[in-house]
Structure formats: C-alpha cells, structure tokens
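# Secondary and tertiary structure notes
In case you want the letters, here they are:
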Amino acid sequence: MGKGLFITFEGVDGCGKTTQINLLSEYLKERGYEVLLTREPGSKGLGEKLREILLNYDGEVSDRCESFLFLADRAQHIDIIVNPAVNTGKIVLCDRHTDSTVAYQGYGRGLNIDTINHLNSLATNGKKPDLTFIFDIDTKTSMQRVGKNQDRMESAGIEFQTRVRNGYLEIAKQEPERVKVIDSTKSIEEIHKNVIDIIKNYIN
Ligand code: TYD
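Let me sum up the structure you'll find in this document. This structure is a prediction, so every number in the text was calculated from the model and none was measured.

## Here's the deal with the side chain of histidine 97
For histidine 97, the location among the structural elements is in the loop between β3 (91-95) and α4 (98-108). Histidine 97 sits in the buried class, given a relative accessible area of 0%. Among residues more than four places away in sequence, those in contact with histidine 97 are Phe6, Thr8, Glu10, Glu40, Arg74, Ile78, Thr124 and Pro129.

## Some points on the layout of surface pockets
Of the voids in this model, the largest pocket is the one considered here, and its volume is about 460 Å³. Together, 25 residues line the largest pocket, and Asp13, Lys17, Glu40, Arg51 and Arg96 are the ones closest to its centre. Broken down by secondary-structure element, the contributors of at least two residues to the lining of the largest pocket are α1 (17-30), α2 (46-56), α3 (63-87) and α4. Its residues placed into classes, the lining of the largest pocket shows 8 nonpolar, 7 polar and 10 charged.

## A word on the packing of helix α6 (residues 139-146) against helix α7 (residues 158-174)
At their nearest, the axes of α6 and α7 sit 10 Å apart, and the two run at 120 degrees to each other. Taken together, the axis directions place α6 and α7 in an arrangement best described as oblique. Where α6 crosses over α7, the handedness of that crossing is right-handed. Packed against α6, whose contacting residues are Thr139, Lys140 and Met143, the element α7 presents Ile158, Gln161, Thr162 and Arg165 at the interface. Class assignment of the residues belonging to the contact of α6 with α7 gives a composition of 2 nonpolar, 3 polar and 2 charged.

## Regarding the nonpolar core
By size, the foremost hydrophobic cluster in this structure holds 40 residues, and its most contacted members are Ile7, Leu24, Leu28, Leu93, Phe133 and Ile199. Grouped together as the second largest cluster of nonpolar side chains are 7 residues, Ile78, Val82, Val86 and Cys94 included.

## Looking at unusual backbone geometry
Trans peptide bonds make up the majority, and among non-glycine residues the majority have a negative phi. That bond from glutamate 40 to proline 41 is cis: its omega, -5 degrees, falls within 30 degrees of zero. Locating proline 41 in the fold gives a position in the loop between β2 (35-39) and α2. Of note in this structure, asparagine 125 is not a glycine but carries a positive phi near 55 degrees. Note on asparagine 125: relative accessible area 68%, which makes it exposed.

## Side note on the side chain of aspartate 13
By the secondary structure assignment, aspartate 13 is in the loop between β1 (5-10) and α1. Within the structure, aspartate 13 has its side chain in polar contact with the side chain of tyrosine 104 (distance 2.8 Å). Within the local environment of aspartate 13, its side chain forms a polar contact with the side chain of glutamine 161, the two groups lying 3.0 Å apart. In contact with aspartate 13, not counting residues within four places along its chain, are Arg96, Tyr104, Ser142, Val146, Glu154 and Gln161.

## Description of the packing of α2 against α3
For any two helices packed against each other, one specifies the crossing angle of their axes together with the interaxial distance. Where α2 meets α3, the axes come as close as 10 Å, and the angle between the chain directions of the two elements is 160 degrees. When the interaxial angle is binned, α2 and α3 end up roughly antiparallel. Where α2 crosses over α3, the two elements pack in a sense that is left-handed. Within the contact between the two elements, α2 uses Leu46, Gly47, Leu50, Ile53 and Leu54 and α3 uses Glu66, Leu69, Phe70, Ala72, Asp73 and Gln76. Counted by class, the contact of α2 with α3 contains 7 nonpolar, 2 polar and 2 charged residues.

## Quick look at the packing of aromatic side chains
The description of an aromatic ring pair rests on the distance of the ring centres and on the angle between the ring planes. Going through the model one piece at a time under the given rule, you end up with 5 aromatic pairs. Ring geometry for phenylalanine 133 and phenylalanine 135: centres 6.2 Å apart, planes at 35 degrees, overall tilted. Exposure class is identical for phenylalanine 133 and phenylalanine 135. Each is buried. Counting every residue linked through ring pairs, the aromatic cluster contains Phe9, Phe133 and Phe135. Just above the ring of tyrosine 27 sits the side chain of arginine 31; from NZ or CZ to the centre is 3.7 Å.

## Some words on α7
Spanning 17 residues, α7 covers 24 Å between terminal C-alpha atoms, matching the ideal 24 Å at 1.5 Å per step. Every buried residue belonging to α7 is among Phe160, Gln161, Val164, Gly167, Tyr168, Ile171 and Ala172, and all of these are buried. All buried residues of α7 fall inside an arc of 140 degrees around its axis, so they share one side. In α7, the exposed residues that point more than 90 degrees away from the buried face are Glu159, Lys173 and Gln174. Contact partners of the buried residues in α7: β1, α4, β4 (131-136), α6 and β5 (179-183).

Rules of the game
Residues numbered from 1 in each chain as written. Predicted model: local features only at pLDDT ≥ 70, side-chain atom pairs only at ≥ 80, totals over all residues. Heavy atoms only, no water. Helix = DSSP H or I, 4+ residues; strand = E, 2+ residues; numbered from the N terminus. Buried < 20%, exposed > 50% of the residue type's maximum accessible area, 1.4 Å probe, protein only. Contact = heavy atoms within 4.5 Å. 1 Å grid on protein atoms, 1.4 Å probe; cavity = no way out; pocket = protein on both sides within 12 Å on 5 of 7 lines; lining within 4 Å. Points joined across faces, edges and corners; volume = space filled by probe spheres on them. Nonpolar A, V, L, I, M, F, W, Y, C, P; charged D, E, K, R; others polar. Axes fitted to C-alpha atoms, helices over the stretch in contact; angles between N-to-C directions. Parallel < 35°, antiparallel > 145°, perpendicular 65-115°, else oblique. Left-handed = near helix turned anticlockwise from the far one by under 90°. Core = buried A, V, L, I, M, F, W, Y, C linked by side-chain atoms within 4.5 Å. Polar contact = N/O pair within 3.5 Å; in protein donor to acceptor, adjacent residues only side chain to side chain. Phe/Tyr/Trp six-rings, centres within 6.5 Å; stacked < 30°, edge-to-face > 60°. Lys NZ or Arg CZ within 6 Å of the ring centre and 35° of its normal. Expected span 1.5 Å × (residues − 1). Arc of directions from axis to C-beta.

Next up, the structure:
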C-alpha cells in the first residue's frame, strides 16, 4: 500500500476549481490511483446538515458562529473521512479546507488571522495538506461566472470576494512550498495542464 496524499483546492467563488478537481480525479484514476473526492463544508452525513445551515440559513449568523460551524464540519471531516482514506493509501482531493477559513472568515470577515490559524490546527488535530492549489482569478470575472443565483456566502459582495482573493495570495506568499497559485483565467485545458505539471512531482 503506497503512502496517501492530501491535496486541497482553494479559490474565490466562481474560480473554476470544481471543474479542475473532477479533471484531475479522472486523470489519476485512469493511471490506477485510488482517489477520494470530497469537500468542505459538508461531504456527507452530519457535514451535509452543517452545509445546509452554512449556505442557506437566512437568519442572522455572527461571524464567530460562522467560523465555528465551518470548524466543526472540518473536525468531523478530518476524523471520519480524510484521515482514514489517506492512511489507507488513497489520494484525497478536497474542495476547500483550512485556507478557506483563513481567507473568508479571516481576510474576508476580518477575524484575527492568528486565532483562525490556531482554531484550524485544533479542528484538524495538526493534519496539514501535502499540497494546495489556489485558483486565482479577478473577482469581477469570478462573480460574473457565479451569476445571479447566489448562496449566503456568494452574496456577501464583490469587495468581500476581493478581500478573500487577496487573503489567498497572502497565504501563498507565506507558504510557497505547500501552496501553488494557478492562473484561473486561462482555458480549462491549460489550467488542467498546469495542475498536472505540479502533481507529477508528488506521485510516482
Ligand atoms: P460551495 O458551494 O462549496 O462553493 P464553491 O463551489 O465555490 O466551493 O460553498 C462553500 C462556501 O463556503 C464558499 O462561499 C466558501 C465558504 N467557506 C468559508 O467561508 N469558510 C470555510 O472554512 C469554508 C470551508 C468555506
């Protein structure tokens, strides 16, 4: 049994990462790797209930409460889904993880970044992604892609999304080994090729 990998995908809403995760998943499966596709918030079970609240609850939600709900989902996700898969040799592809909380609740909502980092490490019990992709795009284009049908987070506005984008770029600057920025304004095929070029250094 080979060593598993934990790879996360990040970016503002409408950055196109879900398309890229699916393409990468196909690429890896065709080459015989065991792949688990998952996401935060809410992969299954309890997580799905938390996702429903986080994305669709239309009453007042305090910024700290929002953070704790994402973190609760993360703790459950790491314990029940991510770690068991990585520990049995799978490549886990996860749509959003800790950097989303730093970018959205930290840089976006304005909560203290050091506190979020600390809470993230409690939620993950210290587990870190082996590799993280940030799909970077200007927020005018990304919000056009999102369109009019917006969930609770997407409807926070373009200034919010721009703070989130800048937050992601700051994370990438601080952790260049783990975090790779991909230009997400390119074509789907070009972006996929950029992802593969990086992934090749992590698989054998
Ligand atoms: P989702 O529909 O999964 O969006 P996307 O397809 O763009 O990933 O919704 C997840 C939303 O939750 C997204 O707006 C980002 C936000 N989010 C946070 O604010 N903090 C977090 O910690 C996580 C995991 C997500």
